[in-house]
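# Examination of the molecular architecture
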Amino acid sequence: MFLFAQEVTDMLSQPWPWYVSGALIVLVMQLLVFNGKSFGVSASMRAACSAMGAGKSVSFFDFDWKGSQGWNMLFITGAAIGGFISMQFLSGDEAMDIGSKTMEYVKSIGFSEPEVADNGKTMLLPKEYNDPNFVFSAKGLFILIFGGFLIGFGARYAGGCTSGHAISGLSQLQIPSLIAVIGFFIGGLTMTYFILPLLFGA
Amino acid sequence: MKFVKYLGLGLLFGMVMTKSEAVSWYRIQEMFLFDSFHMYGIIGSAVVLGIITTALIKALNLQTFKGEEIKFHPKNMSVPRYLIGGIIFGLGWSMTGACPGPMYTLLGQGYWAVLIIIASALVGTYLYGALRSKLPH
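Residues numbered from 1 in each chain as written. Chains lettered and ligands numbered in written order. Predicted model: local features only at pLDDT ≥ 70, side-chain atom pairs only at ≥ 80, totals over all residues. Heavy atoms only, no water.

### So, the UniProt feature "transmembrane region" (unreviewed entry) in chain B
All names here are of chain B. Going by this rule: UniProt positions are given in the numbering used here, feature names are shortened, and annotations may be inferred rather than shown by experiment. Per the convention used, a helix needs a DSSP run of H or I reaching at least four residues, while a strand needs a run of E reaching at least two, with both numbered from the N terminus.
When the UniProt feature table is mapped onto this chain, "transmembrane region" (unreviewed entry) is found at residues 38–61, 82–104 and 110–131. For the annotated span residues 38–61, helix accounts for 92% and strand for 0% of the residues, and the straight-line distance between the end C-alpha atoms is 34 Å. As annotated, residues 110–131 has a helix share of 82% and a strand share of 0%, and its two end C-alpha atoms lie 34 Å apart.

What follows is the structure, encoded as structure tokens:
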């Protein structure tokens, strides 16, 4: 019994294949649908603004966030706990295996290659993200603050993010979602191929 | 019960996104560099399965667990809104290597710097709300 549990844990500790991930994401999305909800994480940010009182100054945030999006606040809390549990109990112990082109690119814009954390666990972000010297440098603050701003502004402008448009919207064959996803890639490719190398390239 | 249900679905989502490395900054860069099939496999298989299951829900007239009609709300048609908004989002997605779902999952993993991304994303959301009437939709 113990051996079996150990085997299951070992299996779960490997990176999960893409098709397992795709299938489970759809399971989550459709379970939300069967609960009368619509899968879309960025809508929770509108609700968070409303919860913090933004409805007093801007009518866009003046809505019943608890009634319509309270479930989403629970969902993102769960997403954070899911991250914690996987990292604590199901983490791999090897550095991520990434493509050679990506490895070169990452170094060219001044980030470290994938590493293992001091506690022996796989790190999914460059070690710079845990380094105050980077985070509070001009480069770090620019990336985190300006990048975060673009995510929040763009997601609401487009009426959704990866979950709401790329997964949920495309599953419903919605043309607006297809346009949004094309936009995601125009923006993403421009940042990756032109802006980041221009700003931070060696 | 409701409390546990959505917390549980979020938890499953966070675990899946972590264990398939879809929350990884490296995987996002790899995706935009077309250097790996992984992210396209995740999004692609989710979309294909999503299309099939959504079509089945419609064809079989399935109801919610509470026995209500399942409604899919068509989004209002527009090009500038989705294209401009989408481009702005995409710039931020590549710049930080994170999108809204993964932000929270990464925070749970202990990457405290992601708090800065979340805070500024909330500011961005607020500013969109404030400028909404002046933007092309």
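### Digging into helix α2 (residues 18–33) of chain A
Quick reminder: α-helices carry 3.6 residues per turn. Residues three or four places apart thus point the same way. Put simply, the rule is: A helix is expected to span 1.5 Å for every residue after the first. Each residue gets one of three labels from its accessible area relative to the maximum for its type: buried under 20%, exposed over 50%, partly exposed in between, using a 1.4 Å probe on protein chains only. We call two residues contacting when some pair of their heavy atoms lies within 4.5 Å.
In this model α2 of chain A runs 23 Å from its N-terminal to its C-terminal C-alpha over 16 residues, within 8% of the 22 Å that 1.5 Å per residue would give. Those residues of α2 of chain A that fall on the buried side of the exposure criterion are Ser21, Gly22, Ile25, Val26, Val28, Met29, Gln30, Leu32 and Val33 of chain A. On its buried face, α2 of chain A is in contact with α4 (65–89) and α8 (162–171) of chain A together with α1 (2–19) and α3 (38–59) of chain B.

### Thoughts on the confidence of the model for chain B
Stated formally: pLDDT measures how confident the predictor is about each residue, on a scale from 0 to 100.
Per-residue confidence for chain B gives a mean pLDDT of 96, with 100% of residues at or over 70. Both confidence scores are given for the complex: pTM 0.96, ipTM 0.96.

### A few points about the packing of helix α5 (residues 100–108) of chain B against helix α6 (residues 114–131) of chain B
Residues and elements named next belong to chain B. Rules: Helix axes are fitted to C-alpha atoms over the stretch in contact, other axes to C-alpha atoms as well, and angles between N-to-C directions run from 0 to 180 degrees. Put simply, a crossing is left-handed when the front helix is turned counterclockwise from the back one by less than a right angle, and right-handed when it is turned clockwise.
It is at 9 Å that the axes of α5 and α6 come closest, and there the two elements cross at 145 degrees. Handedness of the α5/α6 crossing: left-handed. On α6, the residues that touch Met103, Tyr104, Leu106 and Leu107 of α5 are Val114, Leu115, Ile117, Ile118 and Ala121.

### Some points on the nonpolar core
Stated precisely, the cut-off is as follows: Each nonpolar core is a collection of buried residues, namely Ala, Val, Leu, Ile, Met, Phe, Trp, Tyr and Cys, held together in the definition by side-chain atoms within 4.5 Å.
Of all hydrophobic cores here, the largest spans 93 residues; its most connected members are Phe39, Phe75 and Tyr129 of chain A together with Met103 of chain B. When residues no more than four places from it in sequence are discounted, the contact partners of Phe39 of chain A are Ile25, Met29, Leu32, Phe75, Ser163, Gly164, Ile167 and Ser168 of chain A together with Phe13 of chain B. Judged by nonpolar contacts, the second largest core, of five residues, contains Phe34 of chain A together with Ile57, Ile70 and Phe72 of chain B.

### Some remarks on the interface of chain B and chain A
Note the following rule: Throughout, buried area stands for the accessible area (probe radius 1.4 Å) lost by two parts on being put together, summed over both. When a carboxyl oxygen of Asp or Glu is within 4 Å of a side-chain nitrogen of Lys or Arg, the pair counts as a salt bridge. What qualifies as a polar contact is a pair of N or O atoms within 3.5 Å, subject to a donor-acceptor requirement within protein and to the restriction that residues adjacent in sequence count only when both atoms come from side chains. Each residue is assigned to one class: nonpolar for Ala, Val, Leu, Ile, Met, Phe, Trp, Tyr, Cys and Pro, charged for Asp, Glu, Lys and Arg, and polar for all the others, Gly among them.
With 108 residues of chain B at the contact, the number on the chain A side is 127 residues. Between chain B and chain A, the buried area comes to about 10,400 Å², and carbon and sulfur atoms account for 77% of it. When residues of chain B are sorted by the area they lose upon contact with chain A, Lys19, Tyr26 and Met95 of chain B head the list and together hold 9% of the total. Counting the contacts that link chain B with chain A gives zero salt bridges. The tally of links from chain B across to chain A stands at 36 residue pairs in polar contact (both at pLDDT 80 or more). For the side of chain B that touches chain A, a count of residues per class yields 64 nonpolar, 33 polar and 11 charged.

### Here we look at the environment of Gln63 of chain B
With respect to the element layout, Gln63 of chain B can be found in the loop between α3 and α4 (80–96). Accessibility expressed as a relative area gives 48% for Gln63 of chain B, which makes it partly exposed. As a C-alpha pair, Gln63 of chain B and Gly110 of chain B span 47 residues in sequence and 39 Å in three-dimensional space. Every residue in contact with Gln63 of chain B, bar those within four places of it in the chain, is listed here: Phe34 of chain A together with Glu68 and Ile70 of chain B.

### Examining the packing of aromatic side chains
Note the cut-off: Aromatic contacts are taken between Phe, Tyr and Trp rings whose centres are within 6.5 Å, Trp giving its six-membered ring; a plane angle under 30 degrees counts as stacked, one over 60 as edge-to-face, and the others as tilted. Charge-over-ring contacts are defined here by two conditions on Lys NZ or Arg CZ: a distance within 6 Å of the ring centre and an angle within 35 degrees of the ring normal.
Enumeration over the complete set of coordinates arrives at 28 aromatic pairs over all chains. Taking 5.8 Å as the distance between ring centres and 25 degrees as the angle between the ring planes, the aromatic pair formed by Phe149 of chain A and Phe153 of chain A counts as stacked. A residue pair is termed a helical-turn pair when its members lie 3 or 4 positions apart in one helix, as Phe149 of chain A and Phe153 of chain A do in helix α7 (residues 138–158) at four residues. Residue classification places Phe153 of chain A among the buried positions, given a relative accessible area of 9%. Ring geometry for Phe184 of chain A and Phe89 of chain B: centres 4.7 Å apart, planes at 50 degrees, overall tilted. In this pair, Phe184 of chain A sits in helix α9 (residues 175–200) while Phe89 of chain B sits in helix α4, so the two residues belong to two different chains. For the pair shown, Phe184 of chain A and Phe89 of chain B are each scored as buried. One aromatic cluster in this structure is built from Phe60, Phe61, Phe149, Phe153 and Tyr157 of chain A together with Tyr126 and Tyr128 of chain B. A cation over a ring is seen here: Arg46 of chain A above Phe63 of chain A, with NZ or CZ 4.3 Å from the ring centre. Here the guanidinium or amino end of Lys139 of chain A rests over the ring plane of Phe111 of chain A, the centre of that ring lying 4.9 Å away.

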